[in-house]
Amino acid sequence: MSDSFQRMWAELLPVGRSASSGGYRRFAWNSADTECRAWFEEQARNRGLHYELDRNGNQWAWLGDPRGEGAVVTGSHLDSVPDGGAFDGPLGVVSSFAALDELRARGAEFTKPLAIVNFGDEEGARFGVACIGSRLTAGVLSREQAHGLRDADGVRLPDAMEKAGHDPDAIGADRERLARIGAFVELHVEQGRYLDEHQSVGVASAIWPHGRWRFDFHGEANHAGTTRIEDRRDPMLTYANTVLAARKKARLAGALATFGKVAVEPNGTNAIASLVRGWLDSRAADEATLDRVVEEIRQAALERGERDGVRVELTRESFTPVVDFDGPLRDRLAWVIGRGRPDAVPVLPTGAGHDAGILASAIPTAMLFVRNPTGVSHSPAEHAEEADCLAGVAALADVLEDLACQG
Ligand SMILES: [Zn+2]
C-alpha cells in the first residue's frame, strides 16, 4: 500500500508546481490540469479499470459495471487554487487508487461497482465558481450559466473547454449518473486544526453555511494635503472600523468573518478615497448565527458610516446553506474506522466547500479528513505527514470494503 501511494504521490508532485513559489497552478483546462488528467487516465488504464470522461469534464475509473446500480464512488479533485498546496484534492484521488490497490492485495471481492472520480474545476480558481464539475452534474449550475463564465483574461469557459478537447455543448445535469450511485466518500486533507496529536483521521459532520457579502463605502474624493480633517468624508475609516468589528463580532459568536479583498477608488496615495469596496466572507455552524453575525457587522458599518459621513451599501453576492452529511453513512464510517468503537473516531465540521457538499443533496455522501499538523491550506505550506496519509488510505480501504464488498 505504501509503495503505491508513494509512487503516485511522487509522479504528481512536480505537475503544475511554480518554481518561484513552490505552490501549484493547476487551473481548469490549463496545461497543468491537462497533465493531471492524463495521469488520472493512465492510473485507470494501468489498473485495468474502465476509463470514462463524463459530459461535464469529470473523470471516472470504474471497477465493475459503470451502468450498474448502487455504485460506491470515492475521489476528489486535482486542480488547485493559485499557489495552492500539494494535498488539497490530490490526496483524495491518490488515496482512492491506493485504497483500491490495498483491497486488491487483500483479495477483496466486490459486490457493487466501484468508481474513482476526479471532479473538474473544484477550486473555481479560473472562472470564479467553485465545484463546476459537480455543480453541473447535480444540475445546480446550468449550461447557460456555465457558458457565461469568463476567466481573468476574458477567455470564455466553453472556449477553454473546447481548446482542451472537450465538447462544451454537452455539459449539463447528469441525474441518471447520480441515480446509479449508492454512496460517495471523499477523503480530504484537513483544512484546519481540529484533529489532535492522537487522531490521524476524522469523519465530517457538516459543512458550515457560508456566504460572501460586498460592502460599498461611499465617501468623497478630495486632496490629502489640503482638506481639513473635519471636512473629510473618508470611506477608508469606515472600512477599517468595519474590518475590526467583523473580527470582534465573529469571535464573540464562535463564527468566522474575513475581509480578504478590497478595491479602492481612485486608489491614489495623495487622495482621500471616494469609494472603498470590501468583500466579507463569513461562516458559522448554523444559519441563524451566520445571519446574526453579518447583521451585527452591517450595523457596526452603518453606525460608523454615520459618524464619517459615509454611505454604506451591502450586497449579498453568494450564499451556501449548511450541508449535513448523511447520518447513517457517517455513523457507518465511524463504526468501520473505529473498529466497532465509533466514539473513538473524531467527528468534525468544516468551514470549507467540497464536491461532497454539492453531491450531498442528491446522494448519500460522507467525508474523511486526514490530519494537517499546521492547519495551513490553500498555501504551499499545506502539509500532511506520510504516516497520516497512509492511515487515511487504510481507513478509506476499510470503508470501501465495507460499502462495496458486502453481499
Ligand atoms: Zn479540495
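This is a predicted model, so every value here is computed, not measured.

Visitor: When you look at the overall build of the protein chain in this model, what are you seeing that I'm missing?
Guide: Check the secondary structure of the protein chain and you find 12 helices and 15 strands. Relative to its length of 407 residues, the protein chain is compact, with a C-alpha radius of gyration of 23 Å against a globular reference of 22 Å. Dimensions of the protein chain along its principal axes, counting C-alpha atoms only, are 80 × 50 × 40 Å. The buried share of the protein chain, taken over its 407 residues, is 54%. Pairs at least 24 apart in sequence give 76% of the contacts found in the protein chain among residues at least 6 apart.

Visitor: What should I look at first to understand the coordination of the zinc ion in this one?
Guide: For a metal with four tetrahedral donors the ideal donor-metal-donor angle is 109.5 degrees, whereas six octahedral donors ideally subtend 90 or 180 degrees. Looking at the metal site, the zinc ion is ligated by His 77 (NE2), Asp 88 (OD) and His 188 (NE2), spaced 2.0 to 2.2 Å from it. In the primary structure, the donors to the zinc ion are separated according to the pattern H-x10-D-x99-H. Within this pair, whereas His 77 is found in strand β3 (residues 71-77), its partner His 188 is found in strand β5 (residues 181-189), the two being separated by 111 residues in sequence. Residue classification places His 188 among the buried positions, given a relative accessible area of 1%.

Visitor: It is not clear to me how the environment of Asn 118 should be interpreted in this structure. Could you clarify?
Guide: Checked against the element boundaries, Asn 118 lands in strand β4 (residues 114-119). Measuring from C-alpha to C-alpha, the distance between Asn 118 and Leu 157 comes to 19 Å, with 39 residues separating the pair along the chain. When neighbours within four sequence positions are excluded, Asn 118 is seen to be in contact with Arg 37, Phe 40, Asn 58, Gln 59, Ser 76, His 77 and Leu 78.

Visitor: Explain the packing of helix α2 (residues 31-46) against helix α3 (residues 90-106) to me, please; I cannot follow it from the model alone.
Guide: Helix packing for two helices is described by the angle between their axes and how far apart those axes are. Two numbers describe how α2 lies on α3: the axes approach to 11 Å, and their chain directions differ by 10°. One element, α2, and the other, α3, form an angle in the roughly parallel class. Residues Trp 39, Phe 40, Gln 43 and Ala 44 of α2 form the contact with α3, whose own contacting residues are Val 93, Val 94 and Phe 97. Its residues placed into classes, the contact of α2 with α3 shows six nonpolar, one polar and no charged.

Visitor: For this particular structure, what's the right way to read the environment of Phe 5?
Guide: With respect to the secondary-structure elements, Phe 5 resides in helix α1 (residues 2-12). Judged by its relative accessible area of 3%, Phe 5 falls in the buried class. Phe 5 sits 92 residues away from Phe 97 along the chain, and the two C-alpha atoms are 8.0 Å apart. Excluding residues within four positions of it along the chain, Phe 5 makes contact with Leu 91, Val 94, Ser 95, Ala 98, Cys 389, Leu 390 and Val 393.

About the cut-offs
- Residues numbered from 1 in each chain as written.
- Predicted model: local features only at pLDDT ≥ 70, side-chain atom pairs only at ≥ 80, totals over all residues.
- Heavy atoms only, no water.
- Helix = DSSP H or I, 4+ residues; strand = E, 2+ residues; numbered from the N terminus.
- Rg over C-alpha atoms; globule rule 2.2 N^0.38 Å.
- Buried < 20%, exposed > 50% of the residue type's maximum accessible area, 1.4 Å probe, protein only.
- Contact = heavy atoms within 4.5 Å.
- Donors = N, O, S within 2.8 Å, 3.2 Å for Na, K, Ca; no water.
- Axes fitted to C-alpha atoms, helices over the stretch in contact; angles between N-to-C directions.
- Parallel < 35°, antiparallel > 145°, perpendicular 65-115°, else oblique.
- Nonpolar A, V, L, I, M, F, W, Y, C, P; charged D, E, K, R; others polar.

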